[in-house]
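Read off the chains here:
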Amino acid sequence: MRAVLVANPKGGAGKTTLATNLSGHFANQRKRTTLCDLDRQQSALRWMAFRDPGMAPVTGYYAGNQISASLPREADWVVVDAPAGLQGYKLTDYLRAVDKVVIPLVPSVFDMAATEDFLNSIRSELRGQRTKVGIVAMRVDPRTRAASMLEEFIKHFDIPIVAYLRSTQNYVNVAAAGATVFDPPHARHRRDVGQWSSLVEWLNK
Ligand SMILES: Nc1ncnc2c1ncn2[C@@H]1O[C@H](COP(=O)(O)OP(=O)(O)OP(=O)(O)O)[C@@H](O)[C@H]1O
Ligand SMILES: [Mg+2]
């Protein structure tokens, strides 16, 4: 079993979008995939409830009240969708339980300011540990002013940017159907799927 935590204390950064699409990716790769929802709002589980039974299967559960992080061993991949504001002992528990941490980050001054302390605490908690952390630049095209602003900000933390995902209604539309850009029909989402390859490669390392 391998596990990835998707976290950012800022609301609306794209955690559930990343977590559901990653689950869709692994499921379509025929991996036994479990989505662990830590959010009281249970957006990830709501998404799962819309999922067509004919699609690649993703199982899931709500773990919001769990004190210590015990993840299902029988899965190939567990994707953990954190709520806004995850911090303290609960964050520490989950950092210990996963192999990778993915932080979606929108290049706005508000989002970057709200994420700064979190990036510092993650970096110090993970110093010398096997758990790796990467940033996904959310709603941004590489080689834009927004992208350079984000890169400049990230330099201070020594955390790699592992993917750039553009802003597109495709994510909104697929989510409404319990789907992901990795589910058929594929032709419609080819450009978006391509943007995930560096993230997927980093996760599989
Ligand atoms: N790349 C994108 N392009 C366009 N819309 C996006 C993109 N990523 C996320 N969104 C939209 O932004 C909104 C917030 O995203 P999401 O729910 O994934 O964030 P979140 O971090 O899980 O929020 P919360 O902190 O409330 O749990 C959603 O409506 C989602 O569809
Ligand atoms: Mg969410």
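Conventions used here
- Residues numbered from 1 in each chain as written.
- Chains lettered and ligands numbered in written order.
- Predicted model: local features only at pLDDT ≥ 70, side-chain atom pairs only at ≥ 80, totals over all residues.
- Heavy atoms only, no water.
- Near = heavy atom within 4 Å.
- Polar contact = N/O pair within 3.5 Å; in protein donor to acceptor, adjacent residues only side chain to side chain.
- Areas by Shrake-Rupley, 256 points an atom, 1.4 Å probe, with all protein chains shown as cover.
- Pairing = 2+ DSSP bridges.
- Helix = DSSP H or I, 4+ residues; strand = E, 2+ residues; numbered from the N terminus.
- Axes fitted to C-alpha atoms, helices over the stretch in contact; angles between N-to-C directions.
- Contact = heavy atoms within 4.5 Å.
- Core = buried A, V, L, I, M, F, W, Y, C linked by side-chain atoms within 4.5 Å.
- Buried < 20%, exposed > 50% of the residue type's maximum accessible area, 1.4 Å probe, protein only.
- Parallel < 35°, antiparallel > 145°, perpendicular 65-115°, else oblique.
- Left-handed = near helix turned anticlockwise from the far one by under 90°.
- Nonpolar A, V, L, I, M, F, W, Y, C, P; charged D, E, K, R; others polar.
- Arc of directions from axis to C-beta.
- Phe/Tyr/Trp six-rings, centres within 6.5 Å; stacked < 30°, edge-to-face > 60°.
- Lys NZ or Arg CZ within 6 Å of the ring centre and 35° of its normal.

Colleague: Would you mind going over the site of ligand 1 with me for this structure?
Modeller: Around ligand 1, the surrounding shell holds 17 residues, and the nearest of these are K15, T16, T17, R139 and R166. Taking G14, its main chain carries an N or O atom lying 3.0 Å from an oxygen atom of ligand 1. Here R139 contributes a side-chain N or O atom positioned 2.7 Å from an oxygen atom of ligand 1. When ligand 1 sits alone it has 640 Å² of accessible area, and the protein chains cover 78% of it.

Colleague: How should I be thinking about the sheet that holds strand β6 (residues 132-138) in this particular structure?
Modeller: Strand pairing in a sheet relies on backbone hydrogen bonds. The paired strands run either parallel or antiparallel. Spatially, β3-β2-β4-β1-β5-β6-β7 is the arrangement adopted by the 7 strands of the open sheet, whose pairing is parallel. Of all the strands in the sheet, the pair left with one neighbour each is β3 (58-62) and β7 (161-165). Going from strand to strand, the sheet's axes swing by 20 degrees on average, the running direction of each strand aside. By the bridge criterion, 6 bridges tie strand β5 (residues 100-105) to β6 in an arrangement that is parallel. Bridged to V101 within β6 is V133. Along the sheet, helix α8 (residues 197-204) contacts β1 (2-6), β4 (77-81), β5, β6 and β7; its crossing angle with β5, the most-contacted strand, is approximately 155 degrees.

Colleague: Would you mind going over the nonpolar core with me for this structure?
Modeller: Buried together is how nonpolar side chains tend to be arranged in soluble globular proteins. Of all hydrophobic cores here, the largest spans 37 residues; its most connected members are L5, L71, V80, Y94, V101, L119 and I122. Sorting the residues of this core by element identifies β1, β4, α3 (88-97), β5, α4 (109-125), β6 and α5 (145-154) as the ones contributing at least two each. Those residues within four positions of V101 in sequence are excluded, and the remaining contacts are L5, L95, I122, L126, T131, K132, V133, G134 and W202.

Colleague: I would appreciate a short explanation of the packing of α3 against α4 in the present structure.
Modeller: Two packed helices can be described by the angle between their axes and the distance between those axes. Where α3 contacts α4, the two axes come as close as 11 Å, and the packing angle between them is 50 degrees. One element, α3, and the other, α4, form an angle in the oblique class. Considering how the two elements wind past one another, α3 and α4 form a crossing that is right-handed. Residues L91, T92 and L95 of α3 form the contact with α4, whose participating residues are F118, I122 and E125. Of the residues assigned to the contact of α3 with α4, the class counts are 4 nonpolar, 1 polar and 1 charged.

Colleague: Sorry if this is basic, but what is going on with α5 here?
Modeller: Residues spaced three or four apart along an α-helix face the same direction, because each turn holds 3.6 residues. Here α5 has its buried residues at A147, L150, F153 and I154. Down the axis of α5, the sector holding all buried residues measures 125 degrees, keeping them to one side. The inward-facing, buried residues of α5 abut β5, α4, β6 and β7.

Colleague: What exactly am I supposed to notice about the packing of aromatic side chains here?
Modeller: Within a pair of aromatic rings, the relevant descriptors are the distance that separates the centres and the angle that separates the planes. According to the stated counting rule, one finds 4 aromatic pairs in the structure shown. For the pair F26 and W77, a centre-to-centre distance of 4.3 Å together with 5 degrees between the ring planes defines the contact as stacked. Of this pair, F26 sits in helix α1 (residues 15-28) while W77 sits in strand β4; the two residues are 51 residues apart in sequence, bridging distant segments of the chain. Side by side, F26 and W77 carry an identical accessibility label, which is buried. Ring centres of Y171 and W196 lie 6.4 Å apart, and the angle between their planes is 50 degrees; on these two criteria the pair is classed as tilted. Note that Y171 is positioned in helix α6 (residues 169-176) and W196 in the loop between α7 (190-195) and α8, a separation of 25 residues in sequence. In this structure, Y171 and W196 share a single accessibility class: buried. If you follow K100 out to its NZ or CZ, it ends over the ring of W202, 4.9 Å from the centre.

Scope: geometric values only; no functional claims are made or implied.
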